Amino acid sequence: MNTVNLTINGKLVQAEKGSTIMEVALANGIKIPHLCYEKGLSIAGSCRLCMVKIKGRPGMEAACTTEVVEKMKVITSDEEIDEARKLIVELILSEHKHDCLVCESNGQCELQDLAYELGIEKIRFPVSKSIEPTEDSSQVILKDPNKCILCGRCVRACAEITVQRVLDFAARGSGTFLISGLDQPLVDTDCVSCGACIQTCPTGALTEKLARFQGRSWEFRKVQTICPYCGVGCQIELNIKNDKIVKVYGVEEGPDNKGHLCVKGRFGFDYVHHKDRLTTPLIKHNGKFEEASWDGALNLVATKFKELKDKYGSDALAGLSSAKCTNEENYLFQKFIRICFGTNNVDHCARLCHASTVAGLSRAFGSGAMTNSIWEFEKADVILVTGSNTTETHPVIGNYFKHLAAYNGTKLIVVDPRAIELTEYAEIWLRQKSGTDVAWINGLMNVIINEGLYNKEFVENRTENFDEFRKVVSKYTPGKVEKITGIPEEKLIAAARMYGKADRGSIVFAMGITQHTTGTDNVLSLANLAMLCGNVGREGTGVNPLRGQNNVQGACDLGALPDVYPGYQKVSKAQVRENFETTWGVKLPPKEGLTVVEIIDAASKGEIKGLYIMGENPMLSDPNLNHVREGLENLDFLVVQDIFLTETAELADVVLPGVSFAEKEGTFTNTCRRIQLLHKAIPPIGKSREDWKIIMEISKRMGYPMAYHSPGEIMDEIASLTPIYGGVHFDRLGGQGLQWPCPSREHPGTPYLHKDKFTRGKGLFTPVDYIPPAELPDEEYPFLLSTGRVLYHFHTGSLSRRSKPLDGIAPEGFLEISPQDAKKLRIKNNDWVRVSSRRGKLKVKVKITHHVDKGVVFMTFHFAESAANLLTSDALDPVAKIPEYKVSAVKIERI
Amino acid sequence: MIKELKSPLRVVLENYGRINPESIEEYIAQDGYEAVGKVLREMRPEQVLSEIKASGLQGRGGAAFPTGLKWEFTAKAKDAPKYIICNADEGEPGTFKDRAILEGDPHKIIEGMIIAGYAVGAHYGYIYIRGEYLLSINRFNKALKQAREHRFLGEDVFGSGFNFQIEIHQGAGSYVCGEETALMESLEGKRGNPRFKPPFPPSSGLWGKPTLINNVETLANIAPIILKGSDWFRTFGTKKCPGTKVYAISGHVKEAGLIEAPMGITLREIIIDYAQGMRDSKFKMAQVGGTAGAILGEDMLDVPLDYASLGEKGLVLGSGAILVMDETTCALDMLECFLNFFKRESCGKCIPCRVGTEKLLELATAISRGEGKEDDIDLMLHTAKVMQKTSLCALGQSLILPISTTLKYSREEVTEHIKGRCPTGVCKI
Amino acid sequence: MKLRNKEKDVIALLNKAQRENKHNYITEDKLKLTAQEAGLSYSEVYGVATFYSLFSLKPRGEYVIQVCDSGPCHLMGSKSIFKVLEKELKIKVGETTADGRFTLEEVSCLGICNEAPAMMINEKVCGNLTPQKIREILRELRKKK
Ligand SMILES: Cc1cc2nc3c(=O)[nH]c(=O)nc-3n(C[C@H](O)[C@H](O)[C@H](O)COP(=O)(O)O)c2cc1C
Ligand code: SF4
Ligand code: SF4
Ligand code: SF4
Ligand code: SF4
Ligand code: FES
């Protein structure tokens, strides 16, 4: 019996065993006053407002802490209960002078509502007169202790959701007060500005600093949409006044974020209204941009591209699509390039992050995406995280890992050359030398096989090529692996046992695995490891690449790639091509196109003459920036469509102003294949236009009219051509969205892949040998440079650096260096140094930290002032053509 | 050495003052560790449980929960490991019996803990001693060392295969940490906030594991019960409350100190027979059970001081502290003192108690300064009643008792203050 | 390792830190160190350190005089004990003498109610206090270097 029957106020209700009266009441629409309870947080039982009576039991009990039992009869309100609640609220109100007049929470304050509902006209107790100063050191949070009722929700949110444990109570009794850190200003603590504390605070004690005096709760128009930053795809609610976004909340029902957000999602939206926004098309005359009319700009674009196509042929043109744009826009973009340019030279930045994932996983499993869902991580016994600084790059998932390690007993194995935050929560941390991933993964498998820890049944029934693979792995003894990777034998063995023995093991990785010349090999190795232990096709298992950009998954899915049409259907397959030709009504080029880095190369060689870039910034994101500049400057005609005049746009001949996520409709597909709906929240800024409309205009002018009335219509066409999106239609995407594959209208979507059968049939083991990185430190360039991201910025910073709070928190880039090396070079924190590689040089400030090992330095690539990609190597993975951002050799000089 | 008033019988205090507490040999000479030997050699855990149950022993920490039953719940809990905790946080004002036992006969507690561990299937015990009791901590430390040396603690005690360890945890100044769940939070290294119950410690206690927590005096009764039997134990005290009780007497009596007497002795007997009567002036009232206890007036001098008899009257015996006050005492001044204690010691977790204790003290202080209103008295009573019904733990729930009983006997005296006069002249108006 | 594996020891660690300090308090450095050792965050350690009345985060005198003002001591005259001490030391409750030798505090019951009124000086308990006795005790302490 897992359900119990009880009555609440005489109403018969059913509930799951083990639930509390509060949960049952709320689920049945019965209101019980409460302040300390909040769904998703642990239970405190401290406000005592939820006291109810239970027939047959003396006195009152707290609804939030009392479990329901069969035949329980609950009374949630009577004269005595109401009077007790009233007195308690009066006590709270006497603790401080509550001033609702200018309180940001006026109208959405749970205390105010309670006082009203209980009809409190007068406070019987003397009201305290002392007034505490507010604390505003944080860029984003305003703390007003006078409004704090010590409910502890923020403390629990910070400890349980973000797992930063910045907040707590100090002193005791009536002297209790909320602190951050050692009673320090927030800015001096470990606060990561996620705002979980603000979202949960029932009163005006914690509020959004920048929203102060910007609008009252009842003035806001609320629009639900998707965070524009990363691949987690958090659902957000925009609060808008006068077409301006004032604040953002996490949507509690969001399937992957459950109300939680990171600093970017919650506070980084102000770029939408930034003064730098492009509001009109620009055409360059004599090296200077001049404002132009849409007609003028569009005509020029169409004419120029037609000219180049006629003169040099289709393959002299290329397009770079955008992982920031919607699925519908990506679909249109590749369709446009393939039809109007007549070439498959279309790619986007996924090339730079996860091309090797798609290549590797497609080969091993038949599908190049995250095998499982984000929420399933809680089912895993062991999570192996490698090459992912999850807490900074996918904060909501990273914090979830911390939560699982701290509260769920989930064991984390972290394999990373840097001492990232997750290593502090890991049971085992393996610190490998950069670029030696195949070796340690083979080493793990060597131990697992030798100790008989692998899943023989799974290997037997569901995979092929085991024997070949086994031969290679048998060479990677722990001793040999230690020599290559620097990982001590015992640690490797311990990790192998931990993963090998787990019933459910999940592998998580990101660019630390993919951005290598051996990126595809690395991914194949991880796939081998998962198959070896039978960790594919079940909840809480799998091989899970965390995708970077908000819609990089979608951009790939929708065929913004040179070798595949939407749904990973091969361009080279005649049958596939014919299908698209029929629907689109044109002849399509059969030859696979060029990838990002190849396009740039071809441009510098003069083979590509015209380039159309939508929402990408290769001038910061691509490796070997000097070479990129050369390439772009060598073009005859460059069109950039963006919302800001990026480093790349500055080189363009024509700039077309697109719109931000807030100004358009469409869908994004998040890292776990979830297709979610974007709602238009505000009209386009200035004369800017939705990107899909711009593409239609150019297409029309190049002789292929497109006539969609809405993104929904585009999705219908996508569904008809793309089996994995076959059942995806806008009317089905409310709330939870849909996870592909979703082949038909009736299909509920697929939380995890390869359940009984791999997409390709059997899982394929691939023997992989270790190959050293293309460029290793030597005498001239003695340091190994690795690049990555920080929490507060995104990609090339074109959005996040235009957000006041984000840029305020992290205004500049650093070179991270170990204390040992710093000492050797005689440099101190904040000293300026020159970093140079064979490709370029830059100046940057130094941060000395244990996070990097000696001999290794680390930089982010967000900052144009110190653009790390001036240094990086454009050596490519031979299969996926992904550049080796994670390893290049540099030298460092004091200046 | 605490003054021990001449007691007719000794169960808990049998060795108190008679042996050198720092010598395990002297303890052994008084049949020390015999009970552990008997239990480990001759009894199955269930037999121990039934013996304790049969004795009718009730928890001496204040709540008087039947000890045998608590042991049985813990024994039956499925989870492992299990823990034993000895609650030696004695913070109830006017109480100093646990200190006496710890300082005077520490091995008796070790013995009680080992037996409890065996009975419920726990191998690890903690004793939480309040930080102010440094002598107790030192003595107990020595006793533990000796017991380990004699292999009463450690692996394979008495060759029985049973392992048991005890560790001391020192408190750091907090009354509420005597509350069992707050104590566990504190032991775990957190702020001493009580947890909501259920779950109760026998099913989910220290680190969420089944935990048996008993008061020092409770555990001091175990070895005698095992050695002499539950029938012998039941020859003391009343039917409902068997055994003896250690009462701590303070205040305006000639001789303050400890007595061990059969449960059910009266206040009059205690004051006259043991404490040698009142010191200077006539008896006015007494507070029984510590600061959270009730005020008893003259009419209560002959009520038996045991859990059941007091319980019937809505009063409590609590820790057994007795504070005797004579006619020079101002009832309101004392009430203010009690409220000040609660305000200091409230943990602040739940709203009714955190703010309630503060506001009650504010109201009482205003009255004692002659700034009160007649309504304030009723507001105090009403607030305390709401606190009783809604507070998270027994601290906030118990303020009603001193307030309501003070007002029962001395409402007029309190009202006089509002009119501008302190009848005893204690309060400065 | 941020998993709270050694959380249990936090009170003992704080206790040690305070005992080792000449001014009977826990320094900020020690708080931070304790947080690291016990696997707690700063706020958690601060929360614990300020919850318990025996801990101080402010420098105190060489001798911390803690006078009980709970029921039995109050009844037996602790108020006059405070008065004498305040007068002798020329400080109020909660303050430290200018020479840094004495701090006066109010505490809850010390468990020697049979000798009320009582107080504790550092780790030593003194009962049956009278104004003369207090003056004597202070004189002794002042003599010590
Ligand atoms: C505020 C408060 C303080 C308490 N202090 C103590 C104490 O100092 N010592 C004690 O043994 N029990 C104390 N208790 C009772 C304990 O919660 C618990 O009931 C007792 O330790 C159980 O042991 P017993 O069954 O042996 O009495 C206190 C309870 C409350 C509510
Ligand atoms: S913003 Fe996030 S990290 Fe900072 S205090 Fe609030 S919950 Fe904690
Ligand atoms: S700041 Fe808000 S959430 Fe935090 S304790 Fe105070 S009222 Fe509760
Ligand atoms: S950036 Fe990523 S983790 Fe942060 S709120 Fe947006 S989607 Fe969520
Ligand atoms: S009743 Fe008082 S001591 Fe008990 S939990 Fe509430 S605030 Fe803390
Ligand atoms: S909601 Fe139950 S006590 Fe606060």
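Residues numbered from 1 in each chain as written. Chains lettered and ligands numbered in written order. Predicted model: local features only at pLDDT ≥ 70, side-chain atom pairs only at ≥ 80, totals over all residues. Heavy atoms only, no water.

Remarks on the interface of chain C and chain B
For step 1, the next point in the chain: With 33 residues of chain C in contact, the opposing surface of chain B contributes 54 residues.
For step 2, the next point in the chain: Both sides of the chain C and chain B interface together cover about 3200 Å² of buried area, and 58% of this is carbon and sulfur.
For step 3, the next point in the chain: Here chain C and chain B share two salt bridges between them.
For step 4, the next point in the chain: Linking chain C to chain B there are 15 residue pairs in polar contact (both at pLDDT 80 or more).
For step 5, the next point in the chain: At the level of elements, helix 1 (10-20), helix 3 (42-51), helix 4 (71-75) and strand 2 (102-107) of chain C are the ones that each hand at least two residues to the side of chain C that touches chain B. (Contact = heavy atoms within 4.5 Å. Buried area = accessible area lost by both parts, 1.4 Å probe. Salt bridge = Lys/Arg side-chain N within 4 Å of Asp/Glu carboxyl O. Polar contact = N/O pair within 3.5 Å; in protein donor to acceptor, adjacent residues only side chain to side chain. Helix = DSSP H or I, 4+ residues; strand = E, 2+ residues; numbered from the N terminus.)

Here's the deal with the site of ligand 4
Residues and elements named next belong to chain A.
For step 1, the next point in the chain: For ligand 4, the full set of nearby residues is Cys227, Tyr229, Cys230, Val232, Gly233, Cys234, Leu261, Cys262, Lys264, Gly265, Pro395 and Val396.
For step 2, the next point in the chain: Mapped onto the shell around ligand 4, the elements with two or more residues apiece are helix 6 (263-267) and helix 12 (395-407).
For step 3, the next point in the chain: A per-class count over the shell around ligand 4 returns nine nonpolar, two polar and one charged. (Near = heavy atom within 4 Å. Nonpolar A, V, L, I, M, F, W, Y, C, P; charged D, E, K, R; others polar.)

Some remarks on the site of ligand 1
Residues and elements named next belong to chain B.
For step 1, the next point in the chain: Taken together, 18 residues lie around ligand 1, and Gly61, Lys70, Asn214, Asn215 and Thr218 are the ones closest in.
For step 2, the next point in the chain: A distance of 2.7 Å separates an oxygen atom of ligand 1 from a polar atom in the side chain of lysine 70.
For step 3, the next point in the chain: Asparagine 214 has a polar side-chain atom sitting 2.8 Å from an oxygen atom of ligand 1.
For step 4, the next point in the chain: Within the complex, 90% of the 610 Å² of free accessible area of ligand 1 lies under protein.
For step 5, the next point in the chain: Among the elements of the structure, strand 5 (211-215) and helix 17 (394-398) are those that each provide at least two residues to the shell around ligand 1.
For step 6, the next point in the chain: A total of three residues in the shell around ligand 1 trace back to one element, the largest contributor, which is strand 5. (Areas by Shrake-Rupley, 256 points an atom, 1.4 Å probe, with all protein chains shown as cover.)

Focus on the domain arrangement of chain C
For step 1, the next point in the chain: When the domains of chain C are assigned, the result is domain 1 (5-51) and domain 2 (63-143).
For step 2, the next point in the chain: A C-alpha centroid distance of 27 Å is found between domain 1 of chain C and domain 2 of chain C. (Domains from an automatic or database assignment.)

Topic: unusual backbone geometry
For step 1, the next point in the chain: That bond from Trp740(A) to Pro741(A) is cis: its omega, 0°, falls within 30 degrees of zero.
For step 2, the next point in the chain: Looking at the secondary structure, you find Pro741(A) in the loop between strand 30 (738-739) and strand 31 (763-764).
For step 3, the next point in the chain: Cis rather than trans, the peptide bond between Ala80(B) and Pro81(B) has omega equal to -10°.
For step 4, the next point in the chain: Here Pro81(B) lies in the loop between helix 4 (67-76) and strand 1 (83-88).
For step 5, the next point in the chain: Even without a glycine there, the phi angle at Asn242(A) is positive, about 50°.
For step 6, the next point in the chain: Inspection of the secondary structure assignment puts Asn242(A) in the loop between strand 11 (235-241) and strand 12 (244-250).
For step 7, the next point in the chain: The exposure class assigned to Asn242(A) is exposed, which follows from its relative accessible area of 70%.
For step 8, the next point in the chain: Look at Asn122(C): it is not a glycine, yet its phi comes out positive at around 50°.
For step 9, the next point in the chain: The residue Asn122(C) is located in the loop between strand 3 (119-121) and strand 4 (124-126) in this model.
For step 10, the next point in the chain: Using a relative accessible area of 27% as the deciding quantity, one classes Asn122(C) as partly exposed. (Buried < 20%, exposed > 50% of the residue type's maximum accessible area, 1.4 Å probe, protein only.)

Some details on the sheet that holds strand 28 (residues 666-669) of chain A
Residue and element names in this part refer to chain A.
For step 1, the next point in the chain: Taking strand neighbours across the sheet as the criterion, the three strands line up as 28-29-30 in an open arrangement whose pairing is antiparallel. The open sheet has two edge strands, strand 28 and strand 30, and neither has a second partner.
For step 2, the next point in the chain: Looking at chain direction, strand 29 (residues 674-678) and strand 30 are connected through two bridges and run antiparallel. Pairing of isoleucine 675 across the sheet is with leucine 738, part of strand 30. (Pairing = 2+ DSSP bridges.)

Remarks on the packing of aromatic side chains
Residue and element names in this part refer to chain A.
For step 1, the next point in the chain: By the definition in use, this model includes 36 aromatic pairs over all chains.
For step 2, the next point in the chain: With a centroid separation of 4.5 Å and 25° between ring planes, the pair formed by tyrosine 565 and phenylalanine 580 is classed as stacked. Here tyrosine 565 is found in strand 23 (residues 564-565), whereas its partner phenylalanine 580 is found in helix 21 (residues 574-584), with 15 residues between them in sequence. You'll find tyrosine 565 and phenylalanine 580 in the same group, each marked buried.
For step 3, the next point in the chain: Ring pairing ties together the aromatic residues Phe305, Phe333, Phe336, Phe341, Tyr612 and Phe637, which thus form one cluster.
For step 4, the next point in the chain: Over the aromatic face of phenylalanine 644 sits the side chain of arginine 802, whose NZ or CZ is 4.1 Å from the ring centroid. (Phe/Tyr/Trp six-rings, centres within 6.5 Å; stacked < 30°, edge-to-face > 60°. Lys NZ or Arg CZ within 6 Å of the ring centre and 35° of its normal.)

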